[in-house]
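Secondary and tertiary structure notes
Each chain is listed here by its residues.
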Amino acid sequence: MPGRPPAGAVPETVTAGADPIPATAAGRAPSRRPLNPRRATFWALSLPAWAILLSLIVVPLLFMFGLSFRPDLRGDLLAPFNPTLDHYRQVVETASWWRQLGLSTLMAAIVALVATAVAFPLAYFLAFRAGRRAGLYLILLLVPFWTSYLLRVMAWKLMLGTEGVINSSLAFLGVIDAPLDALLYNRNAVVITLIYVWIPFATLPILAALGRIDVRLHDAAADLYASPWQQLRRVTLPLAIPGLAAAFLMVFIPTVGEYVTPLLVGGSGGTMYGNIIQDFFLRAANWPLGSALSMIMLVVTMVLVVIGLRVVQPRRLLGV
Amino acid sequence: METQVGRSWRGLRLPALPGFYWLLIGLLYLPIVLLAVFSVNANTSLTLPLRGFTLQWFERLFETPALLTAVKNSLIVATASSLAATALGTMVAILLSRFNFRGRGLLTGLAILPLIVPYVVLAVALLVLFTVIGIDRSLVTIALAHTVVAVPYTTLIVLARLIGAEPQLEDAAMDLGATYPGTLRLVVLPMAAPAIASAWITAFTVSFDEFALALFLAGREQTFPVYLIGQLRFATTLPVLIATAVLLMIGTLTLILVADRIRRR
C-alpha cells in the first residue's frame, strides 16, 4: 500500500487518556513508566491484533502482487525470479478482458443503483410511517437476507428455469406450449438475481441516515407550507445522501467481484470479470496472470471506493 | 395529501408506501416458501403440480454421509473462525475505543479492509499465500479466510457498544484501586458482553454461509456451501438438498433472532 506508513508504524507512544475520556494529570504521569499496567495491556492487545491482521490481509495481497510479476509457476515460489511485466501487457492487450471488467462494473453499478432506489421507499416507510411496528417490519425485511444466499439463488432458479415454477405453472394453465428460456442463463438473470438478494441489505444504511434527520426540520418545512414533494426533495433527500451513497457502495463492492452467482444463473453469456480470475486459478492454473487480473480488479475497486467514501462520509453516518 | 401544520411530521402520506413494502415482502418470501413447499413435495423434479406430502427427503438427508460431513465441516469452520474473529474484533475495538496511539487510523482501515476488497481478490491472495508458504488447502485455510472476513463485523459491533458506554464506571473502578487489566476484565468486558455475543453469532453465520472464499480454499474436505454448489447440477439430489436447506435456515434464523434479542438488551 503505497503512501501508507510501513508495518513498523505500529504505535510507539501511548497516552494514558482513553479516547472518550479526557486525559487527567494523574493518569498521564504513570504512562511514561515502562511497565505501567495500562501500557502493558496496550501491547498485549496490539501485538497479536497487528500481527494477525497484517499477516492475513496485507501480506497475502503483497504476495499476490509479487506473483503477478513472476514469469511462471515453475520452481520454488520463495526463490528470487526475474520480474516481468508480460502478464500486465497481456491483460492490457486483451480487449475482451477490459470489456468484461467494464461490463462487470456496469452490472454492479446497475445492481447497486436499482437496489438503492428500491430500498429508499422501504427505508422511508420504516423510518417515518411504520410507527411502533418499525422494528418488527425491519426484522421481517431482513429475514430473507439472513437465509442462505446460495439457497435463495437456487430458489430463483426453481422459479425461472425451463422446468421451473413460472414455466411449469404457465404450461399447466395452458398459456404456453414451449417453456420460456429467456428467464435464465443470461446477463439479465444475473443482474435481476443480484438486485433481488441485495435489496434488504441496502435498506439498512438508508434507514440509519433517515433516522438521524431531526424531525423538526420536517416540521419547519411543513410549517413554511412546503408541499410534501418539496419536503422530500429539499429536506429528506439531501439529508439521506450519505445513506444512499453508503447503500450503493455496500452493494457495489461485493457485486463487482462476484463470480458464483454468474456460475449459477448466468450461463455462458452471463459471466463476470471474477469468473476470468477464477478460471486462471481453479482451471487453467496460470496463477501469475490471474494475480495480475486480480491486482487490476483491486486497484479499480479501491479507486471507486475512495471516490465513494468522499460522498458517504462514514463518520457523519455513524454519528461518531 | 394535506399539509400538516401544527403537528409532528409523519412523512409522505402515500398509500402506495405500505403497499410497496408488502409487495416486496411477498417477493422476498416467495422463494423461501417455495423451498419449504418443495422440501415436503413427493416429486423428484421441482415442478408443479405438487404430488403430495412426504417427509422422505428429510429421512434421506440423514442417510447421506457426504452431506452430513459437509454440514459438520461447516460447523467446525464456523465455530473456530467465529471465536477467532470475535477475540480479534474485541481486541481491536478495545484498542480503538480506549487508547490513543499512532496508527489508530491505520488499524481501523486494516480491520475494515476485508469489507472493501472483493472476495475473489482476497481468495486469490490467501490461496497464493498459503501455497507459497506451503500450507495445504484444508478446513484450516477456510477458517483463516473466514476469520478475516468476519473481523470487520465483529470489530464494528463491539466498537459501537464500547463507544456508547459511559466512562465513569471504568474511572470508578480505577479510583477504587483496580488495575487496568482488572478494570478491562471486570468492568469493560462484562459491559460489552451482549455486543460480544452478538458479534460471535454474526461471525458464525457469516462463515456458515460463505462460499466465494471457501471454493478457492477448500481441499478435499468441503464445507456445506461448497458441497451444495457441487451438487446443484444433479437434479435427483435436489429435494434432499432443499430439505437440508430448510433445516439450516431454521437453525440460522433462530441464532440470528437470539443475537438480535441479546444485542437489544
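Residues numbered from 1 in each chain as written. Chains lettered and ligands numbered in written order. Predicted model: local features only at pLDDT ≥ 70, side-chain atom pairs only at ≥ 80, totals over all residues.

Once that is clear, we can look at the overall build of chain A. Within chain A one finds 14 helices and one strand. Considering chain A as a whole, with its 320 residues, one finds that 41% of them fall into the buried category. Look at the contacts in chain A between residues 6 or more apart in sequence, and 68% of them connect residues 24 or more apart. (Helix = DSSP H or I, 4+ residues; strand = E, 2+ residues; numbered from the N terminus. Buried ≥ 20, exposed ≤ 12 C-beta atoms within 10 Å, placed from the backbone. Contact = placed C-beta atoms within 7 Å.)

A count of helices and strands for chain B gives eleven helices and one strand. Each helix (α) and strand (β) of chain B, taken in turn from the N terminus, gives the series α-α-α-β-α-α-α-α-α-α-α-α. At 23 Å, chain B has a C-alpha radius of gyration far larger than the 18 Å of a compact globule built from 265 residues. Each of the three principal axes of chain B carries a C-alpha extent, and together these read 70 × 70 × 35 Å. Evaluated residue by residue, chain B yields a buried proportion of 48% over its 265 residues. Expressed as a percentage of contacts within chain B between residues at least 6 apart in sequence, the contacts between residues at least 24 apart total 78%. (Rg over C-alpha atoms; globule rule 2.2 N^0.38 Å.)

As a further point, take the interface of chain A and chain B. Listed by partner, the interface residues are 93 residues for chain A and 81 residues for chain B. Of all the elements, helix α2 (residues 37-67) of chain A adds the most residues to the side of chain A that touches chain B, at 18 residues.

What follows deals with the confidence of the model for chain B. Residues and elements named next belong to chain B. On average, residues of chain B carry a pLDDT of 85, and 91% of them reach 70 or more. Segment residues 1-7: pLDDT under 50, and nine contacts once partners within four positions in sequence are set aside and those in other chains are kept. Predicted complex metrics record ipTM = 0.85 and pTM = 0.83. (pLDDT = per-residue confidence, 0-100.)

A few words on helix α5 (residues 119-132) of chain B. Residue and element names in this part refer to chain B. In this model α5 runs 20 Å from its N-terminal to its C-terminal C-alpha over 14 residues, within 8% of the 20 Å that 1.5 Å per residue would give. Of all 14 residues making up α5, twelve are buried, and the element is well covered by its neighbours. Within the sequence span of α5, burial applies to Y119, V120, V121, L122, A123, V124, A125, L126, L127, V128, L129 and F130. Where α5 ends, the next residue or the one after it, G134, has phi of about 80°, a positive value. (Expected span 1.5 Å × (residues − 1).)

So, on to the nonpolar core. A general feature of soluble globular proteins is that nonpolar side chains tend to end up buried together. Ranked by size, the top nonpolar core spans 172 residues in total, and within it I206(A), A123(B) and V124(B) carry the most contacts. Two domains each put at least three residues into this core: domain 1 (7-67) and domain 2 (95-318) of chain A. In contact with I206(A), not counting residues within four places along its chain, are A119(A), F120(A), A123(A), A240(A), G243(A), L244(A) and A247(A). (Core = buried A, V, L, I, M, F, W, Y, C linked by C-beta atoms within 7 Å. Domains from an automatic or database assignment.)

In this section: the packing of helix α6 (residues 149-160) of chain A against helix α1 (residues 16-39) of chain B. Packed helix pairs are characterised by how far apart their axes lie and by the angle those axes make with each other. In the contact formed by α6(A) and α1(B), the axes pass within 9 Å of each other and the chain directions differ by 85°. By the criterion of interaxial angle, the relationship of α6(A) to α1(B) is roughly perpendicular. Here L151(A), R152(A), A155(A), W156(A), L158(A) and M159(A) of α6(A) come into contact with α1(B), specifically with P31(B), I32(B), L34(B) and L35(B). Among the residues forming the contact of α6(A) with α1(B), the class breakdown is nine nonpolar, no polar and one charged. (Axes fitted to C-alpha atoms, helices over the stretch in contact; angles between N-to-C directions. Parallel < 35°, antiparallel > 145°, perpendicular 65-115°, else oblique. Nonpolar A, V, L, I, M, F, W, Y, C, P; charged D, E, K, R; others polar.)

Summary statistics for chain A give a mean pLDDT of 80 and a share of 84% for residues scoring 70 or more. Note that pLDDT drops below 50 for residues 1-33 of chain A; the model gives that stretch 51 contacts with residues more than four away or on any other chain.

A few words on the packing of helix α5 (residues 134-146) of chain A against α1(B). Between α5(A) and α1(B), whose axes approach to 10 Å, the crossing angle comes to 40°. As α5(A) packs across α1(B), the resulting crossing turns out to be left-handed. Of α1(B), the residues touching α5(A) (which contributes L140(A), L141(A) and P144(A)) are I25(B), L28(B), Y29(B) and I32(B). Class assignment of the residues belonging to the contact of α5(A) with α1(B) gives a composition of seven nonpolar, no polar and no charged. (Left-handed = near helix turned anticlockwise from the far one by under 90°.)

Let us look at the environment of A84(B). For A84(B), the position within the fold is in helix α3 (residues 65-98). Through-space distance from the C-alpha of A84(B) to that of W200(B) is 9.1 Å; in sequence the pair is 116 residues apart.

So, on to the environment of L77(A). Along the chain, the position of L77(A) falls in the loop between α2 and α3 (86-93). When the 17 C-beta atoms within 10 Å are taken as the criterion, L77(A) is described as partly exposed. Along the chain, L77(A) and L67(A) lie ten residues apart, while their C-alpha atoms are 8.6 Å from each other. For L77(A), the residues in contact, after removing those within four places along its chain, are T131(B) and V132(B).

Its location among the elements puts V37(B) in helix α1. On the neighbour-count criterion, V37(B) (16 C-beta atoms within 10 Å) is partly exposed.

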